[in-house]
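Examining the three-dimensional arrangement
In case you want the letters, here they are:
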Amino acid sequence: MASVGTALRELRGAQKSAKGVSLYSRFVNRPAGRFLAAGSYVLGLTPNQVTLVSAAFSLAAAAAVALAAPSWGLGIAVWAALALGFAFDSADGQLARLRGGGSAAGEWLDHVVDCAKLTALHTCVLIAFYRFPEAYGTQADGWLLVPLGFQLAAVVTFFGGLLTEKLKPKAAPGSAAAAPSTVRAVALLPVDYGVFCVVFLLLGGGELFRWAYAGFGAVAALFLVAFLAKWFRELSAVPR
């Protein structure tokens, strides 16, 4: 059985392009996922099992937001579980490449889990706003619309990006990948899932969390408009 060090060395040469990836995903989440993928490989886990581990951490964190009264300790636990879930989400694909390639079923499971964690997390924030209105300052019913709007923006962005990737022509075999843009990597930070998860460290702040969460939601809505315009323009140039 290969060691963790050997698996890490092999994984360094099996990374996806950094094009269109934020700085957090490039320099924090992917490296963390690489270590988790190497450890999973040594333990004999399959990519699908790693995907389910990711789902367990992410959904447990979402459930905690809905069920527990907000506190600083809860915020740390939720952020840690979400960050681990995100890192395992990167690890499953890296593990698949290390093992020689993934499967259609594995890719399907990965996308289903991604969509489930997005919808679950924002739904659980809505439940928390409803169950603990005094703590979050959400006595006005209008605040319950914020998680719904955030969820809509997140899901449409996820689906739109996934569909655009499937519909765009594939690069010719052997063609050089475009160099990643540092400016774009910085610009994408506000809508990186890993950066968004940091907001849950503010759960103990009650109203502070509410405003920070709403701010991320507003940014997500603005980016959605920009993404949709960009994707539609790109796909308009693709012959049918």
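First, a word on what this report is: a plain description of the structure on this page. Source: prediction; values computed, not measured. (Residues numbered from 1 in each chain as written. Predicted model: local features only at pLDDT ≥ 70, side-chain atom pairs only at ≥ 80, totals over all residues. Heavy atoms only, no water.)

Ranked by size, the top nonpolar core spans 33 residues in total, and within it Val 78, Leu 82, Tyr 193, Phe 196, Phe 200, Leu 203 and Phe 209 carry the most contacts. Of all the elements in the fold, those that place two or more residues in this core are α3 (47-67), α4 (72-98), α5 (104-131), α7 (145-167), α9 (193-197) and α10 (207-236). It is α5 that contributes the most residues to this core, seven residues altogether. In contact with Val 78, not counting residues within four places along its chain, are Ala 61, Ala 64, Val 65, Phe 200 and Leu 203. If you look at the next biggest cluster of nonpolar residues, it comprises nine residues, including Leu 8, Ala 37, Ala 38 and Leu 95. (Core = buried A, V, L, I, M, F, W, Y, C linked by side-chain atoms within 4.5 Å. Buried < 20%, exposed > 50% of the residue type's maximum accessible area, 1.4 Å probe, protein only. Helix = DSSP H or I, 4+ residues; strand = E, 2+ residues; numbered from the N terminus. Contact = heavy atoms within 4.5 Å.)

One pass over the structure, following the stated rule, counts zero disulfides. No disulfide involves Cys 115; its sulfur sits 14 Å from that of Cys 124, the nearest cysteine. Overall, Cys 115 belongs to the partly exposed group, its relative accessible area being 27%. As a non-bridged cysteine, Cys 197 has Cys 124 as the owner of its nearest cysteine sulfur, 13 Å distant. You can call Cys 197 buried: its relative accessible area is 1%. (Disulfide = S-S within 2.5 Å.)

Applying the stated criterion across every chain yields a total of 18 aromatic pairs. Between the aromatic rings of Phe 196 and Tyr 213, the centroid separation amounts to 6.2 Å while the plane-to-plane angle is 50°, which identifies the pairing as tilted. With Phe 196 in helix α9 and Tyr 213 in helix α10, this pair connects stretches of sequence that are 17 residues apart. Judged by its relative accessible area of 6%, Phe 196 is buried. Overall, Tyr 213 belongs to the buried group, its relative accessible area being 0%. Joined through ring pairs, the aromatic side chains of Tyr 24, Phe 86, Phe 129, Tyr 136, Phe 150, Tyr 193, Phe 196, Phe 200, Phe 209, Tyr 213 and Phe 216 make up one cluster. (Phe/Tyr/Trp six-rings, centres within 6.5 Å; stacked < 30°, edge-to-face > 60°.)

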